[in-house]
Amino acid sequence: MQNTKIYEVGIDEAKRISKADAKMTQPGSLKHFLWGSEKSEQSMVIRFGRVFEKMIQEQVKSSPRFSLGTNGVQKINGQKKKKDIDLLFVDEVTKTVYYRELKANIDLDTEKLPATTDKIKLIEAHLRETYPSYSINSGILCMSVYSETMLDVRLVKKVETYNKAGIPVDFASDIFDTLDVDISVDEYEAFGREAGGILRS
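Predicted model only: the values in this text are computed from it and were never measured. (Residues numbered from 1 in each chain as written. Predicted model: local features only at pLDDT ≥ 70, side-chain atom pairs only at ≥ 80, totals over all residues. Heavy atoms only, no water.)

This part covers the side chain of D86. The residue D86 is located in the loop between β3 (83-85) and β4 (87-91) in this model. Within the local environment of D86, its side chain forms a polar contact with the backbone nitrogen of L102, the two atoms lying 2.8 Å apart. Not counting chain neighbours up to four residues away, the residues in contact with D86 comprise E53, Q57, N71, R100, E101 and L102. (Helix = DSSP H or I, 4+ residues; strand = E, 2+ residues; numbered from the N terminus. Polar contact = N/O pair within 3.5 Å; in protein donor to acceptor, adjacent residues only side chain to side chain. Contact = heavy atoms within 4.5 Å.)

Here we come to the sheet that holds strand β1 (residues 66-68). Spatially, β1-β4-β5-β6-β7 is the arrangement adopted by the 5 strands of the open sheet, whose pairing is mixed. Edge strands, defined here as strands with exactly one partner in the open sheet, are β1 and β7 (169-171). Taken pair by pair, the neighbouring strands of this sheet meet at an average axis angle of 35°, ignoring direction. Strand direction decides the pairing type here: β4 and strand β5 (residues 96-102), joined by 5 bridges, are antiparallel. Residue pairing for β5: D91 is matched across the bridge by T96. Across the sheet, helix α5 (residues 113-130) touches β4, β5 and β6 (135-142), and the angle it forms with β6 is around 150°. (Pairing = 2+ DSSP bridges. Axes fitted to C-alpha atoms, helices over the stretch in contact; angles between N-to-C directions.)

Attention shifts here to the nonpolar core. Of all hydrophobic cores here, the largest spans 33 residues; its most connected members are M143, F176 and Y188. For this core, the elements supplying multiple residues, two or more each, are α1 (5-19), α3 (41-49), α4 (51-61), β4, β5, α7 (172-178) and α8 (185-200). Here the element with the most residues in this core is α1; it accounts for 6 residues. When residues no more than four places from it in sequence are discounted, the contact partners of F176 are I6, M143, Y146, V181, I183 and Y188. (Core = buried A, V, L, I, M, F, W, Y, C linked by side-chain atoms within 4.5 Å. Buried < 20%, exposed > 50% of the residue type's maximum accessible area, 1.4 Å probe, protein only.)

Counted by the stated rule, this structure contains 9 aromatic pairs. Taking 5.9 Å as the distance between ring centres and 55° as the angle between the ring planes, the aromatic pair formed by Y7 and F191 counts as tilted. Separated by 184 residues along the polypeptide, Y7 in helix α1 and F191 in helix α8 bring together distant segments of the chain. Comparing Y7 with F191, the two get one shared label, buried. Here a set of aromatic residues connected by ring pairs shows up, and it is made of Y7, Y146, F176, Y188 and F191. (Phe/Tyr/Trp six-rings, centres within 6.5 Å; stacked < 30°, edge-to-face > 60°.)

Attention now moves to the environment of D152. Its place among the elements puts D152 in the loop between β6 and α6 (153-164). A polar contact of 3.2 Å, which involves the side chain of D152, links it to the backbone nitrogen of R154. Within the structure, the side chain of D152 is placed 3.0 Å from the backbone nitrogen of L155, a separation counted as a polar contact.

Moving on to the environment of D177. Mapped onto the elements, D177 comes out in helix α7. The exposure class assigned to D177 is exposed, which follows from its relative accessible area of 61%.

A word on α3. Every buried residue of α3 is accounted for by S43, M44, F48 and G49. Residues of α3 that are buried make contact with α1, α4 and α8.

For β4, the tally of buried residues reaches 5 of 5 residues, placing the bulk of the element in the interior. Burial along β4 is two-sided: L87, F89 and D91 facing one way and L88 and V90 facing the other are all buried. The pairing of β1 with β4 spans 3 bridges and is classified as antiparallel. If you follow S67 over to β4, its bridge partner there is V90. Connecting β4 to the next strand, β5, in antiparallel fashion are 4 residues, including K95 with a positive phi near 55°.

Below, the structure written as structure tokens:
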């Protein structure tokens with residue numbers, strides 16, 4: 001795994017976040033009451049959640065088979081408000097456009113289900129117009145879990161709720177398979193612990 005852009009970018013970004021001005025816990029929070037002023041782990045977790053997009057984008061750019069689409073905030077056909085596309089890349093061999101909404105936390109809020117499904121379907125329709133000769137493969141990607149088989153029953157049911165709404169949920173191992181990157185569960189979990197250790201340092 002260490003020779004992948006996924007690893008390289010993830011570790012570099014963890015070091016950058018660790019060295020950046022950290023948000024500190026403040027009076028008024030239970031954490032501050034119990035342990036005083038210290039680095040806010042929640043703030044670091046939120047920052048690192050955004051790193052998953054960059055990790056996959058850089059891995060895509062390193063492969064001659066794939067090309068990166070237009071990621072980020074952009075105009076969508078027929079919409080006044082711009083939309084944020086987390087991850088968009090193209091497989092030039094199979095003529096497939098991959099679009100994923102990234103969710104760092106697998107405990108997906110089912111109350112947000114309608115908004116998430118509407119957004120994905122809206123962007124999927126936009127991509128069908130933009131890439132008329134390509135097939136569109138869209139869904140949610142959760143990079144904090146290697147495989148759906150690792151989830152407990154409660155979380156599997158949440159994934160099934162999205163699936164029933166026509167939105168597939170992929171996990172780290174799924175995107176590794178798509179990108180033809182060989183990363184085992186042990187390697188990926190060790191990477192997560194290494195990045196976490198750097199963030200806490």
